[in-house]
Amino acid sequence: MSEQPTTDLRETVRLRYAAAAVQVTEGGTACCGPQPVEIDEENFGSTLYAADERDALPTEAVAASLGCGNPTAVAELREGERVLDLGSGGGIDVLLSARRVGPTGKAYGLDMTEEMLALALANAARAGATNVEFLKGTIEAIPLPANTIDVVISNCVINLSTDKPTVFTETFRVLRPGGRIGISDVVADDTLTPTQRAERGDYVGCIAGALSFTEYRQGLEAAGFTHIEITPTHSVADGMHSAVIRADKPTAEPTTEP
């Protein structure tokens, strides 16, 4: 993919999620701003979280949820762990993670959209969360040191990247040895071509940019991940699925014979 289409797609994604943040911040009445963001509430958004989780968070964090799953429910977060959420949006998964890892742990959120970061910071303040930190940047260039994160989560964001191999490599880099991922994402049947995926939905709608099951597995393997599991949870379009992706970073680098 040439640089210009890649730049255009990233800007389209940024504008879409900036509009969503403005919509939530201004109560859905973003005067003179972008058109309201349409959400398929059956397959995407806050309804995929348990009621008790939604009730424990600021309404603005819940309203800004645009994901396709609940990665905090599958990441098996433990007290004291350091968690990174790729594409953290309004902060719902960061705030849930912060509660799970407790005061001795920490939850980071990474997002490229100023409007979402502002909303996430406001939501963290409303929730009284002190063990969270939001970072501005892209998921292709994570602004954290290597080997510092226990768990990486993400909620329907990696499919939006135009450089998924780099996302997998960066995710592997920041994880400590023995670290793991617990991701929700849209994944396509292996029989669907990229053209057929695009016929089922657009890029910013988390459909056209989805990898197939085999492509996702191969991408994670190429980055160095092991124990890869890709489990579909529900259909979001014909041949397209929300899925839970789990994988580990080995505890030690593989040795090679001299």
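Conventions adopted
Residues numbered from 1 in each chain as written. Predicted model: local features only at pLDDT ≥ 70, side-chain atom pairs only at ≥ 80, totals over all residues. Heavy atoms only, no water. Helix = DSSP H or I, 4+ residues; strand = E, 2+ residues; numbered from the N terminus. Buried < 20%, exposed > 50% of the residue type's maximum accessible area, 1.4 Å probe, protein only. Contact = heavy atoms within 4.5 Å. Areas by Shrake-Rupley, 256 points an atom, 1.4 Å probe, with all protein chains shown as cover. Phe/Tyr/Trp six-rings, centres within 6.5 Å; stacked < 30°, edge-to-face > 60°. Core = buried A, V, L, I, M, F, W, Y, C linked by side-chain atoms within 4.5 Å. Axes fitted to C-alpha atoms, helices over the stretch in contact; angles between N-to-C directions. Parallel < 35°, antiparallel > 145°, perpendicular 65-115°, else oblique. Left-handed = near helix turned anticlockwise from the far one by under 90°. Nonpolar A, V, L, I, M, F, W, Y, C, P; charged D, E, K, R; others polar.

For the rest of this paragraph, the subject is the overall build of the protein. The number of helices and strands found in the protein is eight helices and eight strands. Counting all 258 residues of the protein, 53% fall into the buried class. Long-range contacts, defined here as pairs at least 24 residues apart, represent 71% of the contacts in the protein between residues at least 6 apart. About 11700 Å² of surface is accessible on the protein, with carbon and sulfur atoms providing 53% of the total.

Time to look at the packing of aromatic side chains. Any two aromatic rings considered together are summarised by their centre-to-centre distance and by the angle between their planes. For the structure on display, the rule yields two aromatic pairs. Ring centres 5.4 Å apart and planes at 50° place the aromatic pair F168 and Y216 in the tilted group. With F168 in helix α6 (residues 164-174) and Y216 in helix α8 (residues 213-223), the pair connects residues that are 48 residues apart, well separated along the chain. A single burial state applies to F168 and to Y216, both of which are buried.

One recurring pattern in soluble globular proteins is that nonpolar side chains are buried together. One finds L84, I181, Y216, F225 and I245 to be the most contacted residues of the largest nonpolar core, which totals 31 residues. Each residue touching L84, except ones within four places of it in the same chain, is listed here: Y108, L110, I142, L144, I149, V151, V152, I153 and V174.

A few words now on the packing of α6 against α8. Packing of α6 against α8 leaves a shortest axis separation of 9 Å and a crossing angle of 45°. With respect to each other, α6 and α8 are oriented oblique. Note on packing geometry: the crossing formed by α6 with α8 is right-handed. Seen from α6, the contacting residues are F168, T169 and F172; seen from α8, they are Y216, G219, L220 and A223. In terms of residue class, the contact of α6 with α8 is made up of five nonpolar, two polar and no charged.

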